[in-house]
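Coordinate inspection notes
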Amino acid sequence: VDRQPAAAYVEFRAHMTDRPVLVVEDDPELRTIYQEVLQDGGFKVVAARDGLDALELLNAGTMPCVLLIDLRMPRMTGWEFAEHVQSDARWRHLPLVVVAAYYRIAEEAERLGASAWLQKPIDLGRLVSVVEDACRASRAAHVDV
Amino acid sequence: MSTSELDLADLLRHVGDAITVQAADGSLVFANEAAAELLGFESPEALLASPLSDLMSRFDLLDADGRPLDLGTLPGRRVMEGAPAAESLVRFRLRDSAQDQWSLVRATRVERDGTLRYVVNAFQDVTALKRREVELRLLAEAGEVLGRSTDYQETLSELAQMVIPELADWCVVDIFEGGTLSRVSIAHHDPARIALAEEVQRRYPPAEDSGVASVAASGEPLLISEVTEEMLTSSARDADHLAMLRELGLRSALVVALSARGTNLGAMTLIRGDGATPFSRDDLPLITDLARRAGIAVDNARLLHDATESVRLRDDFLATASHDMRTPLATVLGYLQIAQRHVATLTEPGRVPEFLARAERTAVRLARLVAELMDVSLIRAGQRLPLALQEVDLVALVERAVSEHRQLSEHHDLTAETSPHPVIVNSDESRIERILDNLIGNAIKYSPDRGRITLATEMTAEEARIRVTDQGVGIPRAELPTIFERFSRASTSQGAPGVGLGLAGSRDVARQLGGDITVVSTQGKGSTFTVHLPRRSSPEAEQPAVEDAPA
């Protein structure tokens, strides 16, 4: 059994651990799972149970490398949260990854300008690679700015 | 005159077609019985004795399209001016009766030694043919119009426009919408008249037992050949009303019902004004046929709408159902994938049992959701749920529900205040669990963070009760009577409603268990939902909670 992560993976991890992934998901079990898997993949994770909590975290100064959002959530949906984020110059550049059960997820993700989407139930390996890609792009964009 | 000529004149007198003979100067020298009748005279003699000015004042001549005819184009005139023969279709409208007669008029020149002697005019009555032609064209057009759109209000408006002025001066269509008759279209060639009619309708709404309403209700046609002054006076509510009714110029009316598949859908009212032929029984077949076609069109449009709507509802339900199942499925698969990874990489194999336990717990939740989905579908179809009755300890059930929800909602303070003794009922455990899941879920949804939610059990002589009390937003007094209605949740909660039982479904299930759900709520302070269950459930004796349970 190969217990060593790939070399590229280690290198990536070294670059990326400074900014967390902001997970916005109302299902507590799924929050736990995303957290577990992303941390295992070398990311810091900050989790919020809906758009309102996530917005609070951003306002409090959390600067994530990627926003991983569900769509249907109580209090503030993923759609509303995305709208808030995109109307604010501080967060507009943050890549959006939509992970939802919503059956029109492809259209909605495109409409929200998401860099990627995954429909539940998801493959956790895909989740890590999608977040990696988005994070890398985010970092490149951030360096350019 | 020779004998043979006399015979001929006698013969002509009794021919069915109208025949007249004009001398070279245009004066009438012969007319038969039919000609006298056509032109409104008692006998050929009276016709022949009448001066031309009197003759021409008795009727109007119209062309095939209903426009006043230029007398110079009459076949007799054309022949008089040199044509060997001429023919045209002419409508005679007698001024006394306003009856139209269509005639195919043929004029022939009779010469002797190259000089014009007579012009013979033969009038073939083609009224029945023409009427049939108009009817067929109208019915064909109606079929076309009615088949054009599935928006029946639009098609009925077009139909109303189409029948004027051919069949009537006014066409009004009223359709039952939600049990009351509402006007979907009104047509008249003059918009000012329509405005006047609408004002009358607005200021003096028709009584429940108006002619139109009774036709729409009974399906029997109503023929008013002549709208008399007395009728206007007796139906007017005041002088203004009477003046307006008079101004509308209603002279004759025919009201027929629109129906389809044995159900009356509304009524079509045709009205003719001054100068038009009054309606008679002869008009009934055509108008009834039109109304029948219109009724079928309305019915089809409604059926299509209903079918489309139920397909849409089903699609929504399926979309939401698949959404609601994907989330727990994601959890189950998530834990299994993490467990697999830990087994494969041996990073933290000690945690694998925890992940498997979580996956199992969620799979159980998913299985419950699937069962609930089935119940919702049975309830929507108005069917009884297949119950699995057994002894159930409500205390144990409530404690289990509280501990499950505690794990899922770290933001709320869930407490069980149960009696120290078991509270046993004979009921369906999984159904009670689902009702509680819904009530707890609602309590969580409408409570602020750290809000306290308490579940309590109670046993009386007649029944067992489970109370779910929250300190949430509460329910406004005005909304209390409707919160158990289906879909009422959709308008108040954020986002789309799930496919779960909801409050309506929960109460349906409680009733099928022989119990009920009641609520007490104070806005701003919180709500208490109480599930009532009979100590011994005997659902066979209960009326189903739904209206149309199958036999």
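The structure reproduced in this document is the subject of the present report. (Residues numbered from 1 in each chain as written. Chains lettered and ligands numbered in written order. Predicted model: local features only at pLDDT ≥ 70, side-chain atom pairs only at ≥ 80, totals over all residues. Heavy atoms only, no water.)

**Regarding the packing of helix α2 (residues 28–40) of chain A against helix α13 (residues 352–380) of chain B**
Relative to each other, α2(A) and α13(B) sit at 145°, their axes nearing to 12 Å. Classified by chirality, the crossing of α13(B) by α2(A) is left-handed. Within the contact between the two elements, α2(A) uses A:Glu29, A:Thr32 and A:Glu36 and α13(B) uses B:Phe355, B:Arg358, B:Arg361, B:Thr362 and B:Arg365. Across the contact of α2(A) with α13(B), the residue classes break down as one nonpolar, two polar and five charged. (Axes fitted to C-alpha atoms, helices over the stretch in contact; angles between N-to-C directions. Helix = DSSP H or I, 4+ residues; strand = E, 2+ residues; numbered from the N terminus. Left-handed = near helix turned anticlockwise from the far one by under 90°. Contact = heavy atoms within 4.5 Å. Nonpolar A, V, L, I, M, F, W, Y, C, P; charged D, E, K, R; others polar.)

**Thoughts on the pairing of strand β7 (residues 170–177) of chain B**
All names here are of chain B. β7 sits mainly inside the fold: six of its eight residues count as buried. Where β7 lies against strand β11 (residues 263–272), six bridges are found, and the strand directions are antiparallel. Bridging across to β11, Asp 174 finds its partner in Ala 267. Direction of pairing for β7 relative to strand β8 (residues 180–187): antiparallel, over a ladder of seven bridges. Paired with Glu 177 across the strands is Thr 180, a residue of β8. Between β7 and β8, which pair antiparallel in sequence order, lie two residues; one of them, Gly 178, sits at a positive phi of approximately 60°. (Buried < 20%, exposed > 50% of the residue type's maximum accessible area, 1.4 Å probe, protein only. Pairing = 2+ DSSP bridges.)

**Considerations on the sheet that holds strand β13 (residues 413–417) of chain B**
Residues and elements named next belong to chain B. The five strands are arranged β13-β15-β16-β18-β17 in an open sheet whose pairing can be described as mixed. Each edge of the sheet is formed by a strand with only one pairing partner; in this case those strands are β13 and β17 (516–522). Within the sheet, the average angular offset between the axes of one strand and its neighbour, ignoring direction, is 15°. Against the sheet, helix α15 (residues 429–445) engages β13, β15 (452–459), β16 (463–470), β17 and β18 (526–534), with an angle of about 20° to β16.

**Topic: the state of the cysteines**
All names here are of chain A. This model, assessed by the stated rule, comprises one disulfide over all chains. Residue Cys 65 pairs covalently with Cys 135 via a disulfide, S to S 2.0 Å. The S-S bond linking Cys 65 to Cys 135 shows a torsion near -65°; that makes this disulfide left-handed. Here Cys 65 is found in the loop between α3 (51–59) and β3 (66–69), whereas its partner Cys 135 is found in helix α6 (residues 124–144), with 70 residues between them in sequence. The burial state of Cys 65 is the same as that of Cys 135; both residues are buried. (Disulfide = S-S within 2.5 Å.)

**Quick notes on the pattern of salt bridges**
Applying the stated criterion across every chain, the model contains 52 salt bridges over all chains. With a shortest N-O distance of 3.2 Å, B:Glu141 and B:Arg137 are connected by a salt bridge. Within this pair, B:Glu141 and its partner B:Arg137 are both found in helix α6 (residues 127–146), separated by four residues, close to a single helical turn. Put simply, B:Arg203 and B:Asp240 hold a salt bridge, and the shortest N to O gap is 2.9 Å. Taken together, the positions of B:Arg203 in helix α8 (residues 191–203) and B:Asp240 in helix α11 (residues 239–248) put the pair 37 residues apart, joining distant regions of the chain. Residue class for B:Asp240 comes out partly exposed when judged on its relative accessible area of 43%. Linked by salt bridges that have partners in common, A:Glu29, A:Glu36, B:Arg351, B:Glu354, B:Arg358 and B:Arg361 make up one network. (Salt bridge = Lys/Arg side-chain N within 4 Å of Asp/Glu carboxyl O.)

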